[in-house]
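Listed here are the chains, written in short residue letters.
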Amino acid sequence: MPVTASKIVLPVIAMLLVGGCAKKGDIDLSGGVGITAVRSACPTVGIPASTGDITIFDPPASREASAIDVTASMTNVRSTCADATNDIVTSVTFEVRASRIRADAARDVTLPYFITVVRGGSAVVAKRIGHVNLHFDAGQVRASTTGQASSIIARSAATLPDEVKAKLTQKRKAGDSDAAVDPLTAPEIRQAVQRATFEALVGFQLTDDQLKYNATR
């Protein structure tokens, strides 16, 4: 499917350990005691550090405050998840708010953004680039627009092995020798959960210089 300015489709596997209310298909990791955590088939969405803002300079090589041309921020990131079938579809929406220094004439600005899927907190398994278009009317210094991305998840590929699920959901009673033992402390259980843990992240597609500027400003 071609990439458009408003939508990106990623056929990826995604699953994340999150807190929340259990529903059909979720796994209660409490084992009957302690704090309840729910493992959902729907990924959590966020913005990676230093990628939620972009600054365009004129001239491009300058990093002086007087050379700032356009600034933009990504905000209001939201997601909806449809997980009633074997394909788990997550739609991500976000808003881009921008401002410019010179407001004399009308102007269009195109900004690149990405959606990436990260496995186990560090391994990038999929990434696609899209673009959002901003229009500044003559005399106006502010503009905003929205963007959208989505992922398609194969439920069968995002399912923990039965033996791991059995250990995670094993009922434990207060007073039992293993009642206070978190099954996630076992290396093999923790690694299995980590392998099936994915994040869907969106942000501006920045150059190395833009990343350094965001990190040091």
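Scroll up to find the structure this text is about.
Remember, predicted model here, so these are calculated numbers, not experimental data.

This part covers the overall build of the protein chain. Regarding its fold elements, the protein chain presents three helices and 12 strands. Here the protein chain, with 217 residues, has 39% of them falling under the buried criterion. A separation of at least 24 residues holds for 67% of the contacts in the protein chain among residues at least 6 apart in sequence. For the protein chain, the computed accessible surface area is about 11800 Å², with 53% contributed by carbon and sulfur atoms.

For helix 2 (residues 187-195), the set of buried residues is Ile189, Ala192 and Val193. Taken end-on, helix 2 shows its buried residues confined to a sector of 95°, consistent with a single buried face.

Turning next to the pattern of salt bridges. Two side chains with opposite charge may pair up if their charged atoms get near one another. Evaluation of the coordinates by the stated rule reveals five salt bridges. Between arginine 102 and aspartate 58 there is a salt bridge; the shortest N-O distance is 3.2 Å. Within this pair, whereas arginine 102 is found in the loop between strand 8 (87-100) and strand 9 (107-119), its partner aspartate 58 is found in the loop between strand 6 (53-57) and strand 7 (68-82), the two being separated by 44 residues in sequence. With relative accessibility at 41%, the residue arginine 102 sits in the partly exposed group. Among the ionic pairs, glutamate 95 bridges to arginine 97, the shortest N-O distance being 3.1 Å. Look at arginine 97 and you get partly exposed, because its relative accessible area is 45%. Connected through shared salt-bridge partners, Asp58, Asp69, Arg102 and Arg107 make up one network.

Right, let's talk about the nonpolar core for a bit. Counting 22 residues, the largest nonpolar core has Ala72, Val96, Leu111 and Phe204 as its most contacted members. Those elements that provide at least two residues to this core are strand 7, strand 8, strand 9, strand 10 (123-136), strand 11 (142-154) and strand 12 (198-204). Excluding residues that lie within four positions of it along the chain, valine 96 makes contacts with Ala72, Ser73, Leu111, Val132, Leu134, Ala143, Ser144, Thr145 and Phe204. Listed in part, the seven residues of the second largest apolar core include Leu168, Ile189, Ala192 and Val193.

Moving on to helix 3 (residues 208-216). Within helix 3 the residues assigned to the buried category are Gln210, Tyr213 and Asn214. Angularly, the buried residues of helix 3 cover 95° about the axis, an arc narrow enough to put them on a single face. Turned more than 90 degrees from where helix 3 packs its buried face, Asp208, Lys212, Ala215 and Thr216 sit exposed. Packed against the buried residues of helix 3 are strand 6 and strand 7.

Counting through the fold element by element, glutamine 210 comes out in helix 3. A distance of 2.9 Å separates a polar side-chain atom of glutamine 210 from the backbone nitrogen of threonine 207. Leave out the neighbours within four places in its chain, and glutamine 210 touches Ile54, Thr55 and Gln205.

What counts, and at which threshold
Residues numbered from 1 in each chain as written. Predicted model: local features only at pLDDT ≥ 70, side-chain atom pairs only at ≥ 80, totals over all residues. Heavy atoms only, no water. Helix = DSSP H or I, 4+ residues; strand = E, 2+ residues; numbered from the N terminus. Buried < 20%, exposed > 50% of the residue type's maximum accessible area, 1.4 Å probe, protein only. Contact = heavy atoms within 4.5 Å. Areas by Shrake-Rupley, 256 points an atom, 1.4 Å probe, with all protein chains shown as cover. Arc of directions from axis to C-beta. Salt bridge = Lys/Arg side-chain N within 4 Å of Asp/Glu carboxyl O. Core = buried A, V, L, I, M, F, W, Y, C linked by side-chain atoms within 4.5 Å. Polar contact = N/O pair within 3.5 Å; in protein donor to acceptor, adjacent residues only side chain to side chain.

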